[in-house]
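Chain by chain, the residues run as shown.
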Amino acid sequence: MKNLKYGLGLALMGLASHAFAQNEADALRFSRIQFGGPARALGIGGATSAVGANLGSLVSNPAGLGLYVKSDASITPGFGQLSTKAQAGGSSISDQRSSLILNNLGIAFTNRLTDDDNSSEWRSGTFAFGITRLNDFNSRYQYRNTTTDDRSFFQRLREPRVSYDDIDQEYQDNAYTSLDGLAYGAYLTNFYRSRLTGGDSLGTLRRIGNINQEETVQTSGGQTQFDFGYGASYQDKLYIGGAIGIVSTRYKETRDFKETESDPNTPFTDLLRRNTLETKGTGVNFRLGVIYRPADYMRFGLSVQTPTFSKLTDSYTASIQSNFSREPYTGAGVTSAFENTQPGEYTYQLTTPFRATGGAVFLLGKYAFLSGDVEYVNYSQARLSGADGDGASVFSVENEAISDSYGKALNYRAGIEGRFEVFRVRAGYARYGDPFKTAAFDRAQNFYTAGLGFAQRNFYLDVAGVYNTSDSYTSAYTIDSGRQPVIGVKGDRFVTSVTVGVNF
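Just so it is clear, the structure is predicted and the values come from calculations on it, not from any experiment.

The next subject is the confidence of the model for the chain. In the predicted model, the chain carries a mean pLDDT of 89, and the fraction of residues at 70 or more is 93%. For the stretch residues 1–19, pLDDT sits under 50, and the model shows 97 contacts to residues farther than four places along the chain or on other chains.

The subject of this paragraph is the nonpolar core. Counting 36 residues, the largest nonpolar core has Tyr 143 and Leu 188 as its most contacted members. For this core, the secondary structure elements donating two or more residues are strand 1 (72–88), strand 4 (139–147), helix 4 (153–157), helix 6 (179–185), strand 9 (268–295), strand 11 (309–324) and strand 21 (487–503). The dominant element in this core, judged by the number of residues it contributes, is helix 6, at four residues. In terms of nonpolar packing, the next biggest core, distinct from the first, is built from 19 residues, Leu 312, Tyr 379, Ala 382 and Leu 384 among them.

The next subject is helix 7 (residues 396–405). Buried residues of helix 7: Glu 398, Asn 399, Ala 401 and Ile 402, and no others. Axial view of helix 7: buried residues confined to an arc of 155°, hence all on one face. Among the exposed residues of helix 7, those oriented more than 90 degrees off its buried face are Val 397, Glu 400 and Asp 404.

With that settled, consider the packing of aromatic side chains. The final tally for this structure, using the stated rule, is 21 aromatic pairs. Taken together, a centroid distance of 6.2 Å and an interplanar angle of 75° make the contact between Phe 109 and Phe 504 edge-to-face. Within this pair, whereas Phe 109 is found in strand 2 (residues 91–112), its partner Phe 504 is found in the segment after strand 21, the two being separated by 395 residues in sequence. Here Phe 109 falls in the partly exposed class, since its relative accessible area comes to 43%. A residue is classified by how much of its surface remains accessible, and Phe 504, at 47% relative accessible area, is partly exposed. Arranged with centres 6.3 Å apart and planes meeting at 65°, the rings of Tyr 346 and Phe 395 form a pair that is edge-to-face. Residue Tyr 346 is found in strand 13 (residues 344–351), and its partner Phe 395 is found in the loop between strand 16 (383–386) and helix 7; the two are separated by 49 residues along the sequence. Judged by relative accessible area, Phe 395 falls into the buried class, the value being 0%. Feature note: the residues Phe 30, Phe 137 and Tyr 251 constitute an aromatic cluster, connected by ring pairs. Lying across the ring of Phe 30, Arg 29 places its NZ or CZ 5.6 Å from the centre. Note that Arg 29 overlies the ring of Tyr 251, its terminal NZ or CZ placed 4.2 Å from the centroid.

Analysis parameters
Residues numbered from 1 in each chain as written. Predicted model: local features only at pLDDT ≥ 70, side-chain atom pairs only at ≥ 80, totals over all residues. Heavy atoms only, no water. pLDDT = per-residue confidence, 0-100. Contact = heavy atoms within 4.5 Å. Core = buried A, V, L, I, M, F, W, Y, C linked by side-chain atoms within 4.5 Å. Buried < 20%, exposed > 50% of the residue type's maximum accessible area, 1.4 Å probe, protein only. Helix = DSSP H or I, 4+ residues; strand = E, 2+ residues; numbered from the N terminus. Arc of directions from axis to C-beta. Phe/Tyr/Trp six-rings, centres within 6.5 Å; stacked < 30°, edge-to-face > 60°. Lys NZ or Arg CZ within 6 Å of the ring centre and 35° of its normal.

Below, the structure is given as structure tokens:
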């Protein structure tokens, strides 16, 4: 048995293979979606649940398909740029990342009765197919921080999440599966004989003075929904519709965390921990909606969406590189070490929360309209389960954390469109509520939107810009006392979209 034992932790990594990534953070990441659609929908802040006659209706309220009088086809590419500023202590670092995306692609086939044909109270019907971007995970941030040893990553290593025998077995099998096992293999911790109990206790290398930290986190991917929907008009007063959505999820994350020390009286120099995670999968949801027009100048909409039932697969790896100015322990015979886990894979299921949306639109003749939506989401209803659907035994701790951490949230969207002959001018605002129960930090998201449009006969061209601000908070590791450094990350994303469409 190896006589030198030490452990450096990989965040979110436990003894069980699935514990590396599947937790409440993953449930929120794939549950908190954004509004999407063509540039017209984006320009009015996504407030489209009662507007209708737009391919964005597939996502917001499929009853809006019933307002079409002509068939429609359009494509909406976009360019996004995210700026981040990570705040650690009194210092901050800014970073940027850009990406090309397909915001929307769709086609709607409309069959409408002529004014001379009064044989049916159902005036029209529209079948539509669309592809809509719901989430964009492309981002990058980095920070630097100075902390003390009792708040550092080494303090996490002094609090092993697995037993002495488990760590020793990982070493014997040459297959590290936990954070503590990796640290043990990288000469960062050691088990000592306790004078009080006679048993083994875990200790780390001695360090003196301040500890320098830095981390770079880069993510990519997104969530795209493929929708098939149908909407119909009854007497041009009542509109009903339904849609099925197939959600494709792709997410990749790389975290490089480093700690350094420069005191010559200690052997430790630096460590680099790298975690990589890639998530792929598909899910399905269903939508029903209704729009009622009590008068020509107003419409009211209501839609509900079932939870999205997804099957996801995580692929992950983790490693630790450690460097020393001299042997970390007597007889170790090394000045550097590298340990990594074998590539792992785990398949599981995620059920995201139910959604309900109500909205209204008020028309000012042919010159303008005002629209507004309110969406209800209870994030505590998200649930993780095993690939066979067994959640109680596999993810009971994680699901309890979801219930304890998250709560109900309201998302507000409002927009205005002005019409000037063949030109359109649009503006909007949306606020997505904080999904967390605790009020320690405000994690609400704000969206400011604007757009221009041009419509001539059967051709239209729309441009929209969406500026989004959000705050998030992260920790590279977790200490039992909760005294680990908490890093604030401010994100500003600007997405420009262009829609080219035809009516036929």
